[in-house]
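# Structural overview
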Amino acid sequence: REGYVQPILECGARFHKPLVYHDLVELSAEITEVKNKVFRIEYLVKRGDIVVAEGFEVRAWAKQTDNGIREQMSAMSIPQEYAVLLRADREVRRGS
């Protein structure tokens, strides 16, 4: 919508325990930080009660140019209506 894109600027993961093909896992994601132009999402992967992996990504808010070339985008402030939603998700998960 509106030409907004959220490219990944940084990501990482730590793997604590192995998984095999038929393991059932639970993946949770939490928005932990919302700044002017970027936001951070942290992930937790569990097999039952055991944390098997943790990860994160930092994404920018950007506007893609109308010519459709992926490499041509510019960072911009997160529009207020989206920043409110991102922050609300963070507050709901923290129980505030």
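Structure: see above.
To continue, consider the sheet that holds strand S3 (residues 26-34). Across a sheet, strands are paired by hydrogen bonds formed along the backbone, either parallel or antiparallel in direction. Spatial ordering of the open sheet is given by S2-S5-S4-S3, a layout of four strands whose pairing is antiparallel. Each edge of the open sheet is held by one strand with a lone partner, namely strand S2 (8-15) and S3. Geometrically, the sheet is characterised by an average inter-axis angle of 15° between neighbouring strands, direction not taken into account. Where strand S4 (residues 38-47) and strand S5 (residues 50-60) come together, ten bridges link them in antiparallel fashion. By the bridge assignment for S5, Lys46 is matched with Val51.

This brings us to the pattern of salt bridges. Side chains bearing opposite charge may pair, as long as their charged atoms lie close to each other. Within this structure, the stated rule accounts for four salt bridges. Ionic pairing is found between Glu33 and Lys35, a salt bridge with its closest N-O pair at 3.6 Å. Relative accessible area serves as the criterion here: at 33%, Glu33 is assigned to the partly exposed category. The exposure class of Lys35 is partly exposed, given its relative accessible area of 45%. Note that Glu42 and Arg40 form a salt bridge whose closest N and O atoms lie 2.9 Å from each other. In this structure Glu42 comes out as partly exposed when scored by relative accessible area, which is 33%.

A word on the pairing of S3. By the bridge criterion, eight bridges tie S3 to S4 in an arrangement that is antiparallel. For Glu33, the partnering residue across the bridge sits in S4 and is Arg40. Connecting S3 to the next strand, S4, in antiparallel fashion are three residues.

Attention now goes to the side chain of Thr32. In this fold, Thr32 is placed in strand S3. Within the local environment of Thr32, its side chain forms a polar contact with the side chain of Glu42, the two groups lying 3.4 Å apart.

It is worth spelling out the sheet that holds strand S6 (residues 62-64) at this point. Here three strands make up an open sheet; going across it, the order is S1-S6-S7 and the pairing antiparallel. Strands with a single pairing partner mark the edges of an open sheet, and in this sheet they are strand S1 (4-5) and strand S7 (73-75). Bridge analysis of S6 against S7 gives three bridges, and the strand direction is antiparallel. Pairing of Ala62 across the sheet is with Ala75, part of S7.

Take the nonpolar core next. One recurring pattern in soluble globular proteins: nonpolar side chains tend to sit buried together. Counting residues in hydrophobic clusters, the biggest one holds ten residues: Tyr4, Ile31, Val34, Phe39, Ile41, Trp61, Ile78, Tyr82, Ala83 and Leu86. For this core, the elements supplying multiple residues, two or more each, are S3, S4 and helix H1 (80-94). The element best represented in this core is H1, accounting for three residues. With residues up to four places along the chain from it excluded, the contact list for Ile41 reads Ala29, Glu30, Ile31, Gly55, Phe56 and Glu57.

Reading the values: rules and limits
Residues numbered from 1 in each chain as written. Predicted model: local features only at pLDDT ≥ 70, side-chain atom pairs only at ≥ 80, totals over all residues. Heavy atoms only, no water. Pairing = 2+ DSSP bridges. Helix = DSSP H or I, 4+ residues; strand = E, 2+ residues; numbered from the N terminus. Axes fitted to C-alpha atoms, helices over the stretch in contact; angles between N-to-C directions. Salt bridge = Lys/Arg side-chain N within 4 Å of Asp/Glu carboxyl O. Buried < 20%, exposed > 50% of the residue type's maximum accessible area, 1.4 Å probe, protein only. Polar contact = N/O pair within 3.5 Å; in protein donor to acceptor, adjacent residues only side chain to side chain. Core = buried A, V, L, I, M, F, W, Y, C linked by side-chain atoms within 4.5 Å. Contact = heavy atoms within 4.5 Å.

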